[in-house]
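For reference, the chains in residue letters:
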Amino acid sequence: MKLFDVYPLFDVNIVKGQGCKVWDDKGQEYLDLYGGHAVISIGHSHPHYIKKVEEQLHKIAFYSNSVVNKLQVELAERLGKISGYEDYQLFLINSGAEANENALKLASFKNPSCTRILACEHSFHGRTSLAVEVTHNPKIVSPLNDNHHVRFLPMNDIEPWVRELSRGGVAAVILEPIQGVGGIRMATPDFAQKLAYACKRFGVTLICDEIQCGYGRSGKFFAHQWLGIKPDIITVAKGIANGFPMGGVLISPEFEPVYGQLGTTFGGNHLACAAALAVLDVFEEENIVENAREVGDYLMERIRGIGSSHITDVRGRGLMIGIELDMPHKMVRKPLIKHEHCFTGCAGQNILRLLPPLCLTKTEADDFIERLIRVQPEED
Ligand SMILES: Cc1ncc(COP(=O)(O)O)c(C=O)c1O
């Protein structure tokens, strides 16, 4: 059997990681400003993470959601405290798409007669049925997913949102406070606050997708905390367990849990919870969120300071940064990997997207700047 070939791959076989560095099978070291697509929060192969996951493996890796799992309870309590959402409820699954899928289902269960959803232009929310339907990319929506529930509206332009909400029939509004795939586009506080107010007024569930921009990446625990809003539902994944597959739905106390309404086989298993708890230990011990803010500010300043005419904009918060170029991103991203041994992400046609581990140091940020200055753009 061969692999189903859906990923355009870089020909690099990564076999080892440590902090913000990874190594290929030939021993070549790379600086990781990509974090395996925003997944690595506390750094690759953190010793505390290894210890905790290993200890758990020796006890039990998995048992079903039909019995008490104290690790889930501990995770909910600690996540509530660190994020400022102690009164919310946690439902655990295995990925970001599943988190959004369940969030949208909850909104629909709460308001059964409403079948409309409002989402942002340029949004990305995952690839499962409802998650992909609220994703603004027709190329990845199969005909079976295209059920006409969704209206896409421009971010930061409140009028069309209020108009659509007042037409009625809307179950949920879903918003990435900072769009990732959409190119590091940030919701403004004014827009977000007016949207949250309108959702309350019309009894519509507001979901913030914090799968990429959340879990410390923006320099606050959640990116919407920069905007002065409190969503009804928050979805998380990626950095929650530093690479162990896990997602979470944080649900306001206004939602009553109903036995059997949601469920999963693997979600919140013992090993995943041990990984997520180890991540929170390191967040507390090493002030990971503050580091993301401080090093993120520093890195953004340094990128702006390069003063290159090829850089047309630099935007973002914390360690979620977009560098807009006057050329296709692949002309820089590829030689950065090949010649400068540095991974970055990308968005749209011409945006380099930086999503490093949140433990990035200022020295590593300086090192990236040197590589970025040195790199010579190459035609494909
Ligand atoms: C904002 C956002 N939502 C949802 C997802 C989907 O997450 P997953 O790939 O874990 O299903 C992603 C993944 O990139 C994302 O960036």
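What counts as what
Residues numbered from 1 in each chain as written. Predicted model: local features only at pLDDT ≥ 70, side-chain atom pairs only at ≥ 80, totals over all residues. Heavy atoms only, no water. Near = heavy atom within 4 Å. Polar contact = N/O pair within 3.5 Å; in protein donor to acceptor, adjacent residues only side chain to side chain. Areas by Shrake-Rupley, 256 points an atom, 1.4 Å probe, with all protein chains shown as cover. Helix = DSSP H or I, 4+ residues; strand = E, 2+ residues; numbered from the N terminus. Nonpolar A, V, L, I, M, F, W, Y, C, P; charged D, E, K, R; others polar. Patch = residues over 30% accessible without salt bridge, like charges linked within 9 Å, V, L, I, M, F, W, Y side chains within 5 Å. Salt bridge = Lys/Arg side-chain N within 4 Å of Asp/Glu carboxyl O. Buried < 20%, exposed > 50% of the residue type's maximum accessible area, 1.4 Å probe, protein only. Phe/Tyr/Trp six-rings, centres within 6.5 Å; stacked < 30°, edge-to-face > 60°. Lys NZ or Arg CZ within 6 Å of the ring centre and 35° of its normal. Pairing = 2+ DSSP bridges. Axes fitted to C-alpha atoms, helices over the stretch in contact; angles between N-to-C directions. Contact = heavy atoms within 4.5 Å. Expected span 1.5 Å × (residues − 1). Arc of directions from axis to C-beta.

**Observations regarding the site of the ligand**
- Near the ligand there are 13 residues, and of these Gly-96, Ala-97, Asp-209, Gln-212 and Lys-238 occur at the shortest range.
- Between the ligand and the protein, one listed contact pairs an oxygen atom with a backbone N or O atom of Ala-97 at 2.8 Å.
- Alone, the ligand offers 390 Å² of accessible surface; in the complex the protein occludes 81% of this.
- The greatest single-element share of the shell around the ligand, amounting to 3 residues, is contributed by helix 4 (residues 96–110).
- Split into classes, the residues belonging to the shell around the ligand amount to 3 nonpolar, 7 polar and 3 charged.

**Some points on a nonpolar patch on the surface**
- Taken together, Phe-4, Val-6, Tyr-7 and Leu-9 make up a surface patch of nonpolar side chains, about 570 Å² in accessible area.
- As for its placement among the helices and strands, Phe-4 is situated in the segment before strand 1 (14–18).
- For Phe-4, a relative accessible area of 74% translates into the label exposed.

**Structural notes on the packing of aromatic side chains**
- Within this structure, the stated rule accounts for 9 aromatic pairs.
- The interplanar angle of 70 degrees and the centroid separation of 4.6 Å between the aromatic rings of Tyr-85 and Tyr-88 together place this pair among those described as edge-to-face.
- By relative accessible area, Tyr-85 is classed as buried at 4%.
- A residue is classified by how much of its surface remains accessible, and Tyr-88, at 13% relative accessible area, is buried.
- The rings of Tyr-85, Tyr-88, Tyr-215, Phe-221, Phe-222 and Phe-283 are connected pair by pair, giving a single aromatic cluster.
- Here the guanidinium or amino end of Lys-110 rests over the ring plane of Phe-255, the centre of that ring lying 4.9 Å away.
- Across the ring face of Tyr-298, the terminal group of Lys-362 is positioned such that the distance to the ring centre comes to 5.3 Å.

**Description of unusual backbone geometry**
- The phi dihedral of Lys-238 falls on the positive side, at around 35 degrees, and the residue is not glycine.
- The topology assignment puts Lys-238 in the loop between strand 11 (233–236) and strand 12 (247–251).
- Positive phi is not limited to glycine here, since Asn-287 has a value of about 45 degrees.
- Topologically, Asn-287 is positioned in the loop between helix 8 (270–285) and helix 9 (288–306).

**Quick look at the pairing of strand 7 (residues 170–175)**
- In terms of residue burial, strand 7 counts as a mostly covered element, since 6 of its 6 residues are buried.
- Sheet topology places strand 5 (residues 116–120) next to strand 7; 4 bridges connect them, and they run parallel. Looking at strand 7, one finds that Ile-117 is bridged to Ala-172.
- Bridge count for strand 7 against strand 10 (residues 205–209) is 4 bridges, and the pairing is parallel.

**Here we look at the sheet that holds strand 13 (residues 311–317)**
- A sheet is described by the order of its strands in space; here 4 strands give the open sequence 13-14-17-16, paired in antiparallel fashion. Two strands in the sheet have a free side with no partner beyond their single neighbour: strand 13 and strand 16 (345–347). Strand-to-strand twist of the sheet, defined as the mean angle between neighbouring strand axes without regard to direction, takes the value 25 degrees.
- As judged from the 6 bridges shared by strand 13 and strand 14 (residues 320–325), these two strands associate in the antiparallel manner. When the sheet's bridge partners are listed, Val-314 is paired in strand 14 with Ile-323.
- Where helix 9 meets the sheet, it contacts strand 13, strand 14 and strand 17 (351–354), and its direction lies at approximately 175 degrees from that of strand 13.
- Running over the sheet, helix 10 (residues 330–338) touches strand 14, strand 16 and strand 17 and is turned about 45 degrees from strand 17.

**A closer look at helix 9**
- Taking 1.5 Å per residue as the helical rise, helix 9 with its 19 residues ought to reach 27 Å, and the 27 Å between its terminal C-alpha atoms agrees with that figure.
- Of all the positions in helix 9, only Ile-288, Val-289, Ala-292, Val-295, Gly-296, Leu-299, Met-300 and Ile-303 are classed as buried. On an axial view of helix 9, the arc spanned by its buried residues comes to 145 degrees, and they lie on one face. Exposed residues lying more than 90 degrees from the buried face of helix 9 are Glu-301 and Gly-305.
- For helix 9, the secondary structure elements touched by its buried residues are helix 8, strand 13, strand 14, strand 17 and helix 11 (362–374).

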